[in-house]
Amino acid sequence: MRKVSVSKIRDTVADLCLKANFELREDVLAAIRAAVDNETEARARRILESIIENARLAKSKRLAICQDTGIVVVHLQLGQNVSLTGGSLISAINEGVSRAYMTGCLRSSVVGDVRVRKNTMNNTPAVIHTEIVKGDKVKITVSPKGFGSENKSAIKMFIPTASDEEIEDFIIEVVKKAGTGACPPVILGIGMGGTFDEASLLAKKALLEPVGSSNPKPHMAKLERELISKINSLGIGPMGLGGKTTILGLRILDYPTHIAGLPVAVNVSCHATRSAERTI
Amino acid sequence: MIKITAPLEKNVIKKLKVGDEVLLSGVIFTARDAAHKRLSDLIKKGGRLPINLKEAVIYYCGPTPPPPGLPIGSCGPTTSSRMDRFTPELIKLGISAMIGKGDRSEEVRKAIKNNKCVYFLATGGIGALLATKVKSASVVLFKDLGTEAIHRLEVKDFPLIVGIDSQGRDIYAKAKWKSE
Ligand code: SF4
């Protein structure tokens, strides 16, 4: 067993929270640059250019890319040969989040109770997903998730004989309903299969995949391509003001499912899709 | 590019047309969900508001805290439609303009038209860039709300687009993805 101290995990989470909030992902930035070159609407180009300028300023001034610094979603891949030492893993993660948000001047956007709605003032607790994997490493991915886009997410339990068109229509409808609220151009994570919960988690994980990458299965990759082109032809454009650029990227992650079902989850994210990862 | 200064005079507002790109300077006040709710509760109770909203420009924004040496942190707009349920009563109190992102309800559009106000769009997700347009910031009300407190901001050349003008013309009216 390899010993890993939870304090190391705490420090890593803190670092990654800062990095994710200050430095726009290279793949996202590349997709925005490509969109500028492809865009024909003058206003849409100006908005996309301001997004690039914003990323430059955020990084150099250590300012949050977006003031909605999100609720922090932490994905842990924990090697089964790792022995965690030094206290509670969950507390360590939350301490890392709290430290980053307090010292990094990030916004506290978490309320402790969904109905009482009192701000916890340190952006904890995080939402934590843990997966036990082979090996003796710990991979930590931190993804601050804004709620303008999260609020537009949806899941639908299709019947097994649903056609590609029905699935596409559902996903396109989600983007239309999201409208301006998700700060288009958007990025979509799609989870297909598993169960109600698994499809949602896959959709969230799909947002961590590099923009521009595709599902290894040819029929899934085809669906990704078709959806991207259909969504871009909606004409929503940056901030909903028209243009060719409605979506920057879309990834499907899939999993086997039950003979009676076909869950499809759509996690909507924005042009400020943020994440950072490190393996220790 | 049209340059305007807050507080906005009625004849300035009248000249703004939907789609115009403007640079706003002067004083604006932040308020988002929780502050709107509190203002609305105070209005319902019939008391005097602890803040004068006459001719105020309201910015739907919950900024990040200021890093050392800067007046404010990242400060982009939040989704305006969540404020729609409170907006007509604030317009009645005399606010002159709102800044946010996204489309508004028909009720809000009508209230804007009837009271000759204006709704501006700011680009969402560029809060770091917008922070460079803020010259000073201070909390003036509801401090306990943290980021949702009402902040007074002094801005210089804050980039905006007219979303709904004083004649009630809406930039999103013709958006085909909306009507379908
Ligand atoms: S949707 Fe994204 S870019 Fe827009 S305000 Fe929320 S986090 Fe920021």
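Residues numbered from 1 in each chain as written. Chains lettered and ligands numbered in written order. Predicted model: local features only at pLDDT ≥ 70, side-chain atom pairs only at ≥ 80, totals over all residues. Heavy atoms only, no water.

Notes on the packing of aromatic side chains
Within the structure shown, the criterion is met by two aromatic pairs over all chains. Taken together, a centroid distance of 5.7 Å and an interplanar angle of 75 degrees make the contact between A:Phe158 and A:Phe170 edge-to-face. In this pair, A:Phe158 sits in strand β6 (residues 154-158) while A:Phe170 sits in helix α6 (residues 164-178), placing the two residues 12 residues apart along the sequence. For the pair formed by A:Phe158 and A:Phe170, the shared burial category is buried. Look at B:Tyr59 and B:Phe158: their rings are 5.4 Å apart centre to centre, the planes differ by 75 degrees, and that puts the pair in the edge-to-face class. Here the residue B:Tyr59 occupies a position in strand β3 (residues 57-59), and B:Phe158 occupies one in strand β7 (residues 150-164), the gap between them amounting to 99 residues. The burial state of B:Tyr59 is the same as that of B:Phe158; both residues are buried. (Phe/Tyr/Trp six-rings, centres within 6.5 Å; stacked < 30°, edge-to-face > 60°. Helix = DSSP H or I, 4+ residues; strand = E, 2+ residues; numbered from the N terminus. Buried < 20%, exposed > 50% of the residue type's maximum accessible area, 1.4 Å probe, protein only.)

So, unusual backbone geometry
Residues A:Pro184 and A:Pro185 are joined by a peptide bond in cis, for which omega reads 10 degrees. In this structure, A:Pro185 sits in the loop between α6 and β7 (186-194). Of note, the bond from B:Ala6 into B:Pro7 is cis; its omega dihedral lies within 30 degrees of zero at -5 degrees. Mapped onto the elements, B:Pro7 comes out in the loop between β1 (2-6) and α1 (10-15). Phi is positive for A:Met121, close to 65 degrees, though the residue is something other than glycine. For A:Met121, the location among the structural elements is in the loop between α4 (89-103) and β4 (127-133). Phi at A:Met239 is positive, roughly 55 degrees, even though this residue is not glycine.

Some remarks on the site of the ligand
The immediate surroundings of the ligand are formed by A:Cys66, A:Asp68, A:Gly146, A:Gly148, A:Ser149, A:Ala182, A:Cys183, A:Cys270, A:Ala272, A:Arg274, B:Lys101 and B:Gly125. Each of chains A and B places residues near the ligand. (Near = heavy atom within 4 Å.)

Section: the nonpolar core
Core analysis: the largest hydrophobic core is formed by 113 residues, its most contacted members being A:Ile171, A:Leu188, B:Leu24 and B:Phe120. If you tally residues by element for this core, the top one is β7(B), at eight residues. The residues contacting A:Ile171, other than those within four sequence positions of it, are A:Leu188, A:Ile190, A:Leu227, A:Ile231, A:Val264 and A:Val266. (Core = buried A, V, L, I, M, F, W, Y, C linked by side-chain atoms within 4.5 Å. Contact = heavy atoms within 4.5 Å.)

Overview of the side chain of A:Ser269
Residue and element names in this part refer to chain A. For Ser-269, the location among the structural elements is in strand β9 (residues 262-269). Using a relative accessible area of 3% as the deciding quantity, one classes Ser-269 as buried. Only 2.7 Å separates the side chain of Ser-269 from the side chain of Thr-273, close enough to count as a polar contact. Among all residues touching Ser-269, those that are not within four sequence positions of it are Lys-145, Ser-149, Ala-182, Val-186, Ile-187 and Leu-207. (Polar contact = N/O pair within 3.5 Å; in protein donor to acceptor, adjacent residues only side chain to side chain.)

Thoughts on the pairing of strand β2 (residues 71-79) of chain A
All names here are of chain A. Counting buried positions over the nine residues of β2 gives seven, a clear majority of the element. By the bridge criterion, eight bridges tie β2 to strand β5 (residues 138-145) in an arrangement that is antiparallel. Each residue of the ladder has a partner; that of Leu-78, found in β5, is Val-138. By the bridge criterion, seven bridges tie β2 to β4 in an arrangement that is parallel. By the bridge assignment for β4, Val-73 is matched with Val-127. (Pairing = 2+ DSSP bridges.)

Keep in mind that these numbers describe shape and distance, not what the molecule does.
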